[in-house]
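# Remarks on the overall topology
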Amino acid sequence: CRSNPAAPTTTQPPVVNVNPGCIMLFENYDKGGARLEVCSTQNMDYFASRGWNDRVSSVCAGSSFSWQIFEHGDFRGISYTVEKGKCVNVPGYFN
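Since we're looking at a predicted model, the values are computed, not measured. Residue numbers here run from 1 along each chain, matching the order of that chain's written sequence. Selection of residues for local features in this predicted model requires a pLDDT of at least 70, selection of side-chain atom pairs for listing and counting requires 80 or more, and totals for whole chains, interfaces and linings are taken over all residues. Working from all heavy atoms in the structure, the side-chain values ignore hydrogens and water.

## So, the state of the cysteines
Any covalent bond linking the sulfur atoms of two cysteines counts as a disulfide. Note on terminology: disulfide denotes any pair of cysteine sulfur atoms within 2.5 Å. The tally for this structure, following the rule as stated, stands at two disulfides. Linked covalently through their sulfurs, Cys 22 and Cys 39 form a disulfide whose S-S length is 1.9 Å. One quick way to see it: the torsion about the S-S bond of Cys 22 and Cys 39 is about 90 degrees, and its sign makes the bridge right-handed. Here Cys 22 is found in strand β1 (residues 22–28), whereas its partner Cys 39 is found in strand β2 (residues 32–39), with 17 residues between them in sequence. The two residues Cys 22 and Cys 39 agree in class, both being buried. Each helix corresponds to a stretch of at least 4 residues labelled H or I by DSSP, and each strand to a stretch of at least 2 residues labelled E; elements are numbered beginning at the N terminus. Burial classification: accessible surface area is computed with a 1.4 Å probe over protein chains only, and a residue below 20% of its type maximum counts as buried, one above 50% as exposed, and the rest as partly exposed.

And the structure:
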């Protein structure tokens, strides 16, 4: 009887639960690395003060609404819409 080689394993991105009115920011693609949850009830100030400028590589939006994220602080530069309930890797020029 021949043994079958083990099936290759694949790593799946982690499952993320985001509060409905929030967006989760991740420092790495595919929801990896450090994370920061920002909710619509919070001040949408410039994230550089929190150390997140040019650091976000993927995001997950909660189920309540879509979010518009911007390339630069103070809502400047190219913007990108993250649809409600979706997780995406942001375009490379964001970081």
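## Quick word on unusual backbone geometry
Positive phi is not limited to glycine here, since Asp 30 has a value of about 55 degrees. Relative to the assigned elements, Asp 30 resides in the loop between β1 and β2. You can call Asp 30 partly exposed: its relative accessible area is 43%. Not every positive phi belongs to a glycine, and Lys 31 is a case in point at roughly 65 degrees.

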